[in-house]
Amino acid sequence: MARMKFLCDADRCIECNACVTACKNEHEVPWGINRRRVVTLNDGKPGERSVSMACMHCTDAPCAAVCPVNCFYTTADGVVLHSKDICIGCGYCFYACPFGAPQYPRVGNFGSRGKMDKCTYCSGGPEPDLSTAEYEKYGSNRLAEGKLPLCAEMCSTKALLAGDGEMIAEIYKQRVLKRGYGSGAWGWKTAYRETVAI
Amino acid sequence: MQRVATLLGALLVMAALWPASGLDMSARAQSPIQADGQNPMGARPTADSVNEEFLFKQSPKITGRISIPDGKAANLIQPQGRQYQMFREGWLPWIGALVILGMLAALAAFFLYRGRILTDHSQESGKKILRFNAFERFTHWMTAVCFIILSLSGLNYIFGKRLLMPLIGPDAFGALAQWAKYSHVYLAWPFMLGVIFMVVVWVRDNIPNRIDWEWIKAGGGFIGSKHPHAGRFNAGQKGVFWMVAGFGAAMGATGLMMLFPFAVFDVNGMQVMQVIHSLIGVVFIAGILAHIYIGTLGMKGAYDAMGSGKVDLAWARTHHDLWVEQEQARTASGPQVASHPAPAE
Ligand code: HEM
Ligand code: SF4
Ligand code: SF4
């Protein structure tokens, strides 16, 4: 079985935000919710880099651990998914998530945040694969169709890599060796408790 | 006139900038970026990029610039989430269980050792004295009912998925947790109001004084049979009062921060609020368990004070002798009988 991961090669990312847009369109994500975003570090200074970030589908996922209603589950591919039917919108997963991935349709006030929404690695939720119910709650299920997440698939510079962790780590490693530098696999240490050894 | 001044100003600024920009351009023309990607400043624009290690040395979380309105999204990595996970899943359930079960065990042991505290019969037995008026009782019970539901729904956040969910299944538990959450966030308001009322009506009688010290030294009458003097509230009750006032304020403050998330704090601040709320929450629950014990099972006659509001005069004389004297002196007509109106407090 594959262990799905994301890796953003910040030396390639040009902050075009196409991944963000593609995700919103693919899953018809409501206004105000960003399953993926691009963060620019050292903006305007030498060494500036941009990193496209969404849910990293962590190992021993903090969100899943702290959820008071245990609504998360990890698929055989290592993808961290959750059930909106069980979620009570308490917001704890946002506090626990190192990457700010969980999103809420309403902004707080009286704890009425609504059901949490986050990147599904384009693989839906607990409903039957490719059902309407699944699409309405979680967006499309590309994994069930044998496709990888759209954000990475359509990334014009191939900065954003999605796929089996070992394979994308190997691709990244080759790149770094070839070009002679690399700013590292952002977030891997926190998400997977490992980095890509070059 | 003003326009002329503006124009002059603009011209001046342009004049000042002109040579500078010219210089800049000539400098660039003279030393173009070298073929190996090395520029004259010594920085390699491609290879010398920021990296995680470097940024984590500068600050505990990595934050950048974002082009969407949600400011929280500018945080790229906050490893503190892992620590929060550690606290909430590794420590909190154990701390909570230890504190609450520990208190229950201590109360059970005390009950076995001391039994129910009774009042000796005297010729004043059977007569009644008003201890808490209607407003005081209303305040107490409004706060108490809210507290019990807040406690149960609060504990559900920690223990529900461990104890209840395996029993009733995820769907039923999800529905229950949703209602528990609503009850927690809505009953928080009357609870906070109740705490404020309590402080207003009772703070006067709860200022610590020398009598309290004597009461504590005498073991509060719990140990041994001698009854130390006490005013309207003894040192133990004053302790409960100040615990409710202090913890109530802390729960309210941290709870409000969670009700309006990110209004004041960033994500790390929210984690701290949650940690404080849950830790004080479990200690508060344990403290109130002791209060409930002594007000009901632990001492005969105590419950009436908050039930009907009137207590047996013999009980009052035993436990709050100074208060009884004060009340009797004030009303001059002796103990209050049932039909009398509440004294103007
Ligand atoms: C005084 C009695 C109270 C107790 C015993 C209590 C207890 C708790 C506990 C144990 C939790 C769960 C913490 C965790 O899982 O880590 C919690 C969560 C929470 N409490 Fe309280 N609490 C009390 C009062 C309040 C008050 C007065 C407020 C609001 C002003 C409040 C607002 C919240 C909020 C917003 C949460 C987060 C959960 C959510 O939003 O769904 N609580 N409480
Ligand atoms: S990135 Fe955040 S939401 Fe995704 S698995 Fe990790 S902790 Fe959960
Ligand atoms: S918001 Fe929903 S998914 Fe997140 S921790 Fe709370 S109940 Fe679980």
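Residues numbered from 1 in each chain as written. Chains lettered and ligands numbered in written order. Predicted model: local features only at pLDDT ≥ 70, side-chain atom pairs only at ≥ 80, totals over all residues. Heavy atoms only, no water.

Chain B is annotated in an unreviewed UniProt entry as Formate dehydrogenase subunit gamma of Methylobacterium gnaphalii. Its UniProt record gives chain B the following Sequence similarities (unreviewed entry) comment, quoted word for word: "Belongs to the formate dehydrogenase gamma subunit family." (UniProt positions renumbered as here; feature names shortened; annotations may be inferred.)

Within an unreviewed UniProt entry, the label attached to chain A reads Formate dehydrogenase iron-sulfur subunit, and the organism entered is Methylobacterium gnaphalii.

(A) Geometry of the overall build of chain B. Scanning chain B for helices and strands turns up 11 helices and 4 strands. Counting every position in chain B, which comprises 345 residues, the buried fraction comes to 40%. Residue pairs in contact within chain B that sit at least 24 positions apart in sequence constitute 72% of those at least 6 positions apart. For chain B, the computed accessible surface area is about 19,200 Å², with 71% contributed by carbon and sulfur atoms. (Helix = DSSP H or I, 4+ residues; strand = E, 2+ residues; numbered from the N terminus. Buried < 20%, exposed > 50% of the residue type's maximum accessible area, 1.4 Å probe, protein only. Contact = heavy atoms within 4.5 Å. Areas by Shrake-Rupley, 256 points an atom, 1.4 Å probe, with all protein chains shown as cover.)

(B) Summary view of the confidence of the model for chain B. Residue and element names in this part refer to chain B. When pLDDT is averaged along chain B, the result is 85, and 82% of the positions lie at 70 or above. For the stretch residues 13–35, pLDDT sits under 50, and the model shows 3 contacts to residues farther than four places along the chain or on other chains. Contacts for the low-pLDDT stretch residues 336–345, under 50 throughout, to residues beyond four places or in other chains number 19 contacts. Overall fold confidence for the complex sits at a pTM of 0.86, while the interface term, ipTM, reaches 0.93. (pLDDT = per-residue confidence, 0-100.)

(C) Expanded view of the site of ligand 3. Near ligand 3, the surroundings consist of 13 residues, among which C67(A), C87(A), I88(A), C90(A) and C93(A) are the closest. The class makeup of the residues in the shell around ligand 3 is 11 nonpolar, 2 polar and no charged. (Near = heavy atom within 4 Å. Nonpolar A, V, L, I, M, F, W, Y, C, P; charged D, E, K, R; others polar.)

(D) Fine view of the site of ligand 1. All names here are of chain B. Close to ligand 1 lie 26 residues; R88, Y157, H184, Q274 and H277 are nearest. Taking H277, its side chain carries an N or O atom lying 2.7 Å from a nitrogen atom of ligand 1. When atoms are counted within 2 Å of each cavity's grid points, the one that captures over half of ligand 1 is the largest cavity. Among the elements of the structure, α3 (80–114), α4 (134–168), α5 (170–202), α7 (235–259) and α8 (267–295) are those that each provide at least two residues to the shell around ligand 1. A breakdown of the residues in the shell around ligand 1 according to their chemical character gives 16 nonpolar, 8 polar and 2 charged. (Polar contact = N/O pair within 3.5 Å; in protein donor to acceptor, adjacent residues only side chain to side chain. 1 Å grid on protein atoms, 1.4 Å probe; cavity = no way out; pocket = protein on both sides within 12 Å on 5 of 7 lines; lining within 4 Å. Sits in = over half its atoms within 2 Å of the grid points.)

(E) Region of the structure containing the interface of chain B and chain A. Counting residues at the interface gives 53 residues for chain B and 55 residues for chain A. Carbon and sulfur atoms make up 58% of the area that chain B and chain A hide from each other, which totals about 4,500 Å². Contact with chain A buries surface across chain B, with R65(B), L76(B) and R82(B) losing the most and accounting together for 17% of the total. Here E15(A) makes a salt bridge to R65(B), at a shortest N to O gap of 3.2 Å. The tally of links between chain B and chain A comes to 22 residue pairs in polar contact (both at pLDDT 80 or more). Of all the secondary structure elements, the ones that give two or more residues to the side of chain B that touches chain A are α2 (52–58), β1 (62–63), β2 (75–77), α3, α4, α5, α7 and α8 of chain B. Broken down by element, the side of chain B that touches chain A gets its largest block of residues, 10 residues, from α5(B). (Buried area = accessible area lost by both parts, 1.4 Å probe. Salt bridge = Lys/Arg side-chain N within 4 Å of Asp/Glu carboxyl O.)

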